[in-house]
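# Inside the fold
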Amino acid sequence: MSMVALEDKMNTERTFWILGVGIVAALIVATQTAAEIFIGPVKAYWSYVGIGMGLSFAALGWFGAKWRKVRQRQTRQDTQGEFVRKVLDEKSYTLLYQPICDINTGAILACEALVRLRQDDGSLSSPYPLLSAAAVSEMGPTVGCAILDQLAVDWRHHRLQLPVTLNLSVRELRNSRLTARLIAHRGLPLNIEVTENAFLDDAGVVERLRMLRALGYKIYLDDFGTGFSSMTHLAEMPIDAVKLDRTLVHRLPESSKHRSISRAIVHMAQGLGLRTVAEGVETMAELAELKAIGCDTVQGYLYAHPMEARELAHRVELGLPLLAA
Ligand code: G
Ligand code: MN
């Protein structure tokens with residue numbers, strides 16, 4: 001546990017003790033006074049001692065329960081924080097990159113950076129345990145900075161110039177250390193991917209995105225078409241591209257309703273000068289529908305699974321389209 005966390009914990013424990021003892025003392029005095037007023041000094045003696053003790057135990061019980069809850073939360077934060085530290089220190093994570101291709105030519109135009117956890121047997125797994133532990137222990141920005149540094153190493157090492165998008169959460173975007181690190185890596189062809197509900201009611205985040213956009217970062221709106229997707233957000237938000245959610249993409253071949261929704265999103269995005277990226281494209285049937293509604297770019301297993309930087313560099317160097325038109 002860090003010194004700051006330990007100090008916080010001791011402060012909270014001390015506050016609870018002081019408050020608890022204070023309230024018990026106040027209850028005893030109040031009971032004593034009330035008993036003296038209403039029952040009289042002599043008869044009151046045993047009653048106020050009894051009532052006072054009862055109330056004190058009740059108050060202590062209540063404080064005990066609260067205190068236990070706070071301690072449990074702190075313990076959880078500590079263990080999750082330790083897990084995050086361990087993953088970062090042992091470098092048991094890696095970054096994979098999934099190409100984003102031109103829908104007509106199949107040429108690689110950009111890619112998305114995706115975190116993976118490295119298991120003991122060398123296999124890669126979902127980053128969810130790391131990202132949720134980072135959120136609980138408030139270490140999201142620390143993880144974000146580590147990912148950003150790794151990405152910079154990959155790009156330099158493989159002399160990549162391909163634009164790459166990084167998924168950032170609202171908390172990370174609010175964090176000044178992470179924004180400063182983004183700006184420190186200004187030389188990279190870096191773009192930012194953020195889910196739409198991250199924007200909702202957060203003027204600070206919108207302002208920060210505006211600032212990053214003014215510095216040249218392109219902002220991709222992730223998972224559009226699900227949850228709280230709002231068309232007016234497309235017009236108001238500082239964004240450059242919309243990513244059509246894969247649940248919409250998967251339903252295109254069999255559902256005319258989903259085709260209409262997707263067509264409306266693509267047309268509106270184009271009318272606003274935004275690029276459209278279809279996510280999770282897996283079949284030729286989905287691709288045909290996406291072409292029919294006028295989507296510009298595609299990402300998904302039909303083209304390529306997320307891959308290591310070395311393989312990406314090799315494919316970019318070859319210059320071959322991932323899927324012939
Ligand atoms: O929410 P976001 O779009 O950032 O999620 C990206 C995730 O989607 C990655 O974990 C990636 O591996 C996964 N993914 C990428 N392409 C496909 C695909 O074609 N189908 C499915 N089901 N998942 C995909
Ligand atoms: Mn994404």
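Residues numbered from 1 in each chain as written. Chains lettered and ligands numbered in written order. Predicted model: local features only at pLDDT ≥ 70, side-chain atom pairs only at ≥ 80, totals over all residues. Heavy atoms only, no water.

By the naming in an unreviewed UniProt entry, the chain is EAL domain-containing protein, taken from Lacibacterium aquatile.

## A closer look at the site of ligand 1
Taken together, 16 residues are adjacent to ligand 1, and Arg116, Arg246, Glu279, Glu282 and Tyr301 come closest. Interatomic distance of 2.7 Å between a side-chain N/O atom of Arg116 and an oxygen atom of ligand 1. The side chain of Asp222 places a nitrogen or oxygen atom 3.2 Å from an oxygen atom of ligand 1. Here ligand 1 has 530 Å² of accessible area as a free molecule, and 77% of this is covered by the chains. Placement of ligand 1 is best described as lying within the largest pocket. (Near = heavy atom within 4 Å. Polar contact = N/O pair within 3.5 Å; in protein donor to acceptor, adjacent residues only side chain to side chain. Areas by Shrake-Rupley, 256 points an atom, 1.4 Å probe, with all protein chains shown as cover. 1 Å grid on protein atoms, 1.4 Å probe; cavity = no way out; pocket = protein on both sides within 12 Å on 5 of 7 lines; lining within 4 Å. Sits in = over half its atoms within 2 Å of the grid points.)

## Let's talk about the domain arrangement of the chain
What the domain assignment reports for the chain is domain 1 (3-85) and domain 2 (91-318). Relative placement of domain 1 and domain 2: their C-alpha centres are 49 Å apart. When the two sides are added together, the surface that domain 1 and domain 2 hide from each other amounts to roughly 700 Å², 76% of it contributed by carbon and sulfur. On the domain 1 side of the interface with domain 2, the three residues burying the most area are Gln77, Phe83 and Val84, jointly 61% of the side's total. One can count zero salt bridges joining domain 1 with domain 2. Counting across the domain 1 and domain 2 interface gives zero residue pairs in polar contact (both at pLDDT 80 or more). The residue makeup of the side of domain 1 that touches domain 2, split by class, is two nonpolar, three polar and two charged. (Domains from an automatic or database assignment. Buried area = accessible area lost by both parts, 1.4 Å probe. Salt bridge = Lys/Arg side-chain N within 4 Å of Asp/Glu carboxyl O. Nonpolar A, V, L, I, M, F, W, Y, C, P; charged D, E, K, R; others polar.)

## Side note on the coordination of the manganese ion (ligand 2)
Looking at the manganese ion (ligand 2), the protein donor atoms are Glu112 (OE), Asn167 (OD1), Glu193 (OE) and Asp222 (OD), and they sit 2.0 to 2.5 Å from it. Given a relative accessible area of 31%, Asn167 falls into the partly exposed group. (Donors = N, O, S within 2.8 Å, 3.2 Å for Na, K, Ca; no water. Buried < 20%, exposed > 50% of the residue type's maximum accessible area, 1.4 Å probe, protein only.)

## Concerning the nonpolar core
Core analysis: the largest hydrophobic core is formed by 73 residues, its most contacted members being Tyr97, Leu151, Trp155, Leu190, Leu290 and Val298. At eight residues, the largest contribution of residues to this core is made by helix α4 (residues 140-157). Apart from the residues within four sequence positions on either side, Leu190 is in contact with Leu148, Leu151, Val164, Leu166, Leu182, Tyr217 and Lys218. Formed by five residues, the second largest nonpolar core is a distinct cluster that contains Ile100, Tyr220, Ala241 and Val277. (Core = buried A, V, L, I, M, F, W, Y, C linked by side-chain atoms within 4.5 Å. Helix = DSSP H or I, 4+ residues; strand = E, 2+ residues; numbered from the N terminus. Contact = heavy atoms within 4.5 Å.)

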